[in-house]
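# Analysis of the macromolecular model
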Amino acid sequence: MIFRLLSLLLLLSLATPVAAREKSRSIDLPRGTLLQSLPLLGRQADISISVADAKLWQSAVKPVRGRMSVAKALDRMLSGTDARAVKVGATSWRIVRRLPQTNIARRRTNPSRKAPPLEARSPREAVDKYPVEEIVVSASKINTPYTKYAGVVTILDGADLEFGGERGMDSILSRMATISSTHLGSGRNKLFIRGIADSSFTGPTQATVGQYLGDIRLSYNAPDPDLRLYDIDRVEILEGPQGTLYGAGSLGGIIRMIPKVPDPSATALIASGGVSLVQHGAPGGDIAAIANIPLGESGHALRLTGYSISEGGYIDNPLLGQHDVNRTNIRGARGTLRVDLGDSWRADVGGLYQTITADDAQYADKDAPPLTRSSMVEQGAKARYGSAMMVLTKDWDDLHLQLSNAYVDHHLYERFDASMVNDTPRIFDQNNHTRMLTSETRLSRPFRNGLGWVIGTSFIDNRTRQTRSFGVETMRSAIAGVTNSITEYTAYGEASAELLPAIIVNGGLRYSYARLGGAGEDVDALLALTQAGRAITARRKEEDLLPSASLLATLGKNVTFYARYQEGFRPGGLSIDGSFVQRFRNDHVSTYDAGMRFGRKGITPFDATISISHSRWKDIQADYIDANGFPTTANIGDGKITSISGSIAVRPLTGLSLELGAVYNESRVTQLSSSLQRAAVVFGGPAADFSPPIIISALGRLGRIPNVASHAIRGSANYAIVLGDEDFRIQSWASYVGPSRIGIGPVLGEGQGDYVDTGIAARIGNDGRGLTLTLTNLLDARGNRFALGTPFNSGSDGYLTPLRPRTIRISVDVAY
């Protein structure tokens, strides 16, 4: 495989880019200011537009109507102003101030005079080469400008996430101090934001972080599908509960990945391939291709993305005589067809499919030599994710109508080693199959002239079936599983208004009505008859109101203060309790947060943010280990979380940027639920041998909410320069993840975290081709990302999930 990839890299490096061609599209822009017209043009033409000079936002621009190219539309709109448009990519433009006439005259009288090299240009001129995208928080559903948004939001550029090699969710985690994750393996992990973390296991509880691809919800109560981030325009992360706009399952926040859309004006083909060498492990490789194909002259286009990744293993299993057992293969494809229906109507129809196959688990024994584990069972896993979607939009005047619909099918198979010491190998298999139908309709007025609002309705029908089996390789028997279903109807609204030139207020409300149902799977019929009062089916209804309110005040030039209140919840359901099923209630989070922002990101030489939040979490849903040693789910009690985070970015030199971010979390389980005390079960592990007073004492000692580091720090440096006809860019990063615990109690109170991860990537090339070198885990540190290997303790002194060893990757990319 490696030789095939190397051959492909050689062929790609010899390729020659082909020029793209411009096509016309329907444009309808009213007379107004640049601030009003640019968002409309961006949506109608599917382009990204940034503005170099903030003073240009209030420039009066002309109306533009008819079919034309983007270049012509921009030229007409900006005619007679002090602004001009500069194309910086296939679908990216930048608005800059026109040169003074005196400078133009000098150039005409001295045509031999060359432009100064990039390093000699002013910062304002140099930024045109590496533009900062216009910062609009589209996840607000009213396209709120970042400077007007009251809350913590981070926007990551898709090209930055892909720079140095695509790593899926790990690319986001390495750039965000406030996001954490379990590390069972790709496609099996749970994500947490701001310390809102429930547990380590994959059970029937809904996720605490909402994940979206564009406006399509990715999952309801399944782990992170870990979609590869190829051909992604940007990722928006909103921290804190987002219940008013996004409903259930957004207790910690949302992660919204926005893919690049089909472009009817240009044909393009982008391809990349790389090979990687893992110290102490096996080699790997990756290949990807992206195609944009205009269809005729009517504004239709097709965009396709495909990829295949093989990540080399690095864990040895001497008990079975195997080396590098944890190889992971990832394959996927995504496609979108855009159809211009006329009269400002547009339809996007598409789908995606991805499979992840892990040959074995990625954890090691704590008491063994580095990167080794003695398992009697190969613990493979396979995740399959598929989705079909359709989005219909219309723009007119100041209004935007959007109808988003999707069907999701998500399957996860996991195998765990359940063997005891000096016993026959035993296997625990778990299958989770989720199917979801989701639909949302919303009408919005994008925020401009001091007003923005959105109203909408949504519908979700989700069904998850969990089946389990236990035994030896040749004979396994089914044990109790569970099916959960929910049908949810919601209506919501939110509005932002600028009451005074320096004061913006926001308020909203969401009403949710849900029908929940569930049934036990493979429950022994005799036990069900003899154990009176133990239900195997249940149905109920829930109604919830989720308010939100915020205030933003401009205290001075580029200095803002905000305060925000928001709520979030997860509906209840059924879980397995021994051979039966039990109910768990919905949980609810209320969060107050406040913060300040200084400077303007990407515009001023310095920008910084600081925020503090306090959350009260009632009836925490958590997956834990029951007295029989199997994963189960219950409400474990109440908790509170205080989080302080901050970031700073400095651009001391042209082309150089330095960034630093940090977070501190203080979280406690403040009250153990009465049902859990009666069952004598501690969150995170069995406690059948402990009385309730001892349980509470253990909770007092180890009551921190699990899987969230008490503190984390992340820093990076990025430098870019032009060398003749080539661009050179180098980026380095380092992060420290503080200590945390996998659970609470004497069994799963194991520590984890307290490690440093590092990396560096460099690329030389241009828009047509490039060569990239990446080195990760520079220190070849081991660390312990996750202290859970298998929920069945087989006599080991504990487990650890090490960092991937030092890895070097070489890749080439070409664009036609």
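Please read all numbers here as calculations on a predicted model, not as lab measurements.

### Focus: the overall build of the protein chain
- Counting secondary structure elements, the protein chain contains eleven helices and 46 strands.
- By the burial criterion, 56% of the 816 residues in the protein chain qualify as buried.
- Taking all contacts inside the protein chain whose residues are at least 6 apart in sequence as the whole, residues at least 24 apart take part in 67%.

### A short note on the pattern of salt bridges
- Within this structure, the stated rule accounts for 35 salt bridges.
- Across the pair R448 and D398 runs a salt bridge whose closest N-O atoms are separated by 3.5 Å. Pair noted here: R448 is in strand β25 (residues 427-448) and D398 is in the loop between β23 (381-396) and β24 (399-417), with a separation of 50 residues, a long-range link.
- A relative accessible area of 30% places D398 in the partly exposed class.
- Between D429 and R415 there is a salt bridge, with its nearest N and O atoms 2.8 Å apart.

### Observations concerning the pairing of strand β34 (residues 606-618)
- Sheet analysis places strand β33 (residues 587-598) next to β34, joined by eleven bridges and oriented antiparallel. Directly across from A594, in β34, lies its bridge partner I612.
- Judged from the twelve bridges that link them, β34 and strand β37 (residues 637-653) form a sheet pairing that is antiparallel. Note that in β37 the partner of W617 across the bridge is G639.

### Section: helix α3 (residues 70-78)
- Of all the positions in α3, only V70, A73, L74, M77 and L78 are classed as buried. Along the axis of α3, the buried residues cluster in a sector spanning 115°; they form a single face.
- Of the residues trailing α3, G80 is marked for its positive phi of about 85°.

### Quick look at the packing of aromatic side chains
- Tallied over the entire structure, the rule returns six aromatic pairs.
- Seen from their ring centres, F459 and Y489 are 5.3 Å apart, and the 45° between their planes marks the pair as tilted. With F459 in strand β26 (residues 451-472) and Y489 in strand β27 (residues 475-500), this residue pair connects regions lying 30 residues apart in the sequence.
- Over the aromatic face of F163 sits the side chain of R729, whose NZ or CZ is 4.3 Å from the ring centroid.

### Some remarks on the packing of helix α2 (residues 34-45) against α3
- One way to put it is that α2 packs onto α3 with a least axis distance of 12 Å and a crossing angle of 170°. With respect to α3, the axis of α2 lies roughly antiparallel. Regarding α2 and α3, the two cross each other, and that crossing is right-handed. For the pair α2 and α3, contact is made by L34, S37, L38, L41 and A45 and by V70, A73, L74, M77 and L78, respectively.
- Split into classes, the residues belonging to the contact of α2 with α3 amount to nine nonpolar, one polar and no charged.

### Some points on unusual backbone geometry
- The backbone of S344 sits at a positive phi, close to 65°, despite the residue not being glycine.
- With a phi close to 60°, D754 is a non-glycine residue in the positive phi region.
- Its place among the elements puts D754 in strand β43 (residues 751-765).

### Observations concerning the side chain of K190
- Summarising the element assignment, K190 is placed in the loop between β11 (179-181) and β12 (191-193).
- Given the relative accessible area of 11%, K190 is considered buried.
- There is a polar contact of 3.1 Å between the side chain of K190 and the side chain of D198.

### Section: α2
- For α2, spanning twelve residues, the distance from its first C-alpha to its last is 16 Å, which sits close to the expected 16 Å at 1.5 Å a residue.
- Burial runs high along α2: eleven of the twelve residues are buried.
- Within the span of α2, buried status applies to L34, Q36, S37, L38, P39, L40, L41, G42, R43, Q44 and A45.
- Remark: D46 follows α2 within two positions and exhibits a positive phi of approximately 55°.

### Points about the environment of S419
- Relative to the helices and strands, S419 is located in the loop between β24 and β25.
- Sequence spacing of S419 and G471 is 52 residues, and the spatial spacing of their C-alpha atoms is 9.4 Å.
- In this structure the side chain of S419 is engaged in a polar contact, spanning 2.7 Å, whose partner is the side chain of D417.
- A distance of 2.9 Å separates a polar atom in the side chain of S419 from the backbone nitrogen of R426.

### Looking at the sheet that holds strand β14 (residues 216-217)
- Read from one edge to the other, the open sheet built from five strands follows the order β10-β15-β16-β13-β14, with strand pairing classed as mixed. Two strands in the sheet have a free side with no partner beyond their single neighbour: β10 (153-157) and β14.
- Pairing of strand β13 (residues 209-213) with β14 involves two bridges; the strand directions are antiparallel. Across the sheet, residue L213 finds its bridge partner in β14, namely I216.

### Observations concerning a nonpolar patch on the surface
- Judged by side-chain polarity, L277, L723, I764, L771, L773, I808 and I810 come together as a nonpolar surface patch covering roughly 600 Å² of accessible area.
- Secondary-structure elements contributing two or more residues to the nonpolar patch are β44 (769-776) and β46 (807-815).
- Locating I810 in the fold gives a position in strand β46.

The rules behind the values
Residues numbered from 1 in each chain as written. Predicted model: local features only at pLDDT ≥ 70, side-chain atom pairs only at ≥ 80, totals over all residues. Heavy atoms only, no water. Helix = DSSP H or I, 4+ residues; strand = E, 2+ residues; numbered from the N terminus. Buried < 20%, exposed > 50% of the residue type's maximum accessible area, 1.4 Å probe, protein only. Contact = heavy atoms within 4.5 Å. Salt bridge = Lys/Arg side-chain N within 4 Å of Asp/Glu carboxyl O. Pairing = 2+ DSSP bridges. Arc of directions from axis to C-beta. Phe/Tyr/Trp six-rings, centres within 6.5 Å; stacked < 30°, edge-to-face > 60°. Lys NZ or Arg CZ within 6 Å of the ring centre and 35° of its normal. Axes fitted to C-alpha atoms, helices over the stretch in contact; angles between N-to-C directions. Parallel < 35°, antiparallel > 145°, perpendicular 65-115°, else oblique. Left-handed = near helix turned anticlockwise from the far one by under 90°. Nonpolar A, V, L, I, M, F, W, Y, C, P; charged D, E, K, R; others polar. Polar contact = N/O pair within 3.5 Å; in protein donor to acceptor, adjacent residues only side chain to side chain. Expected span 1.5 Å × (residues − 1). Patch = residues over 30% accessible without salt bridge, like charges linked within 9 Å, V, L, I, M, F, W, Y side chains within 5 Å. Areas by Shrake-Rupley, 256 points an atom, 1.4 Å probe, with all protein chains shown as cover.

These results come straight from atomic positions and should not be treated as a statement about function.
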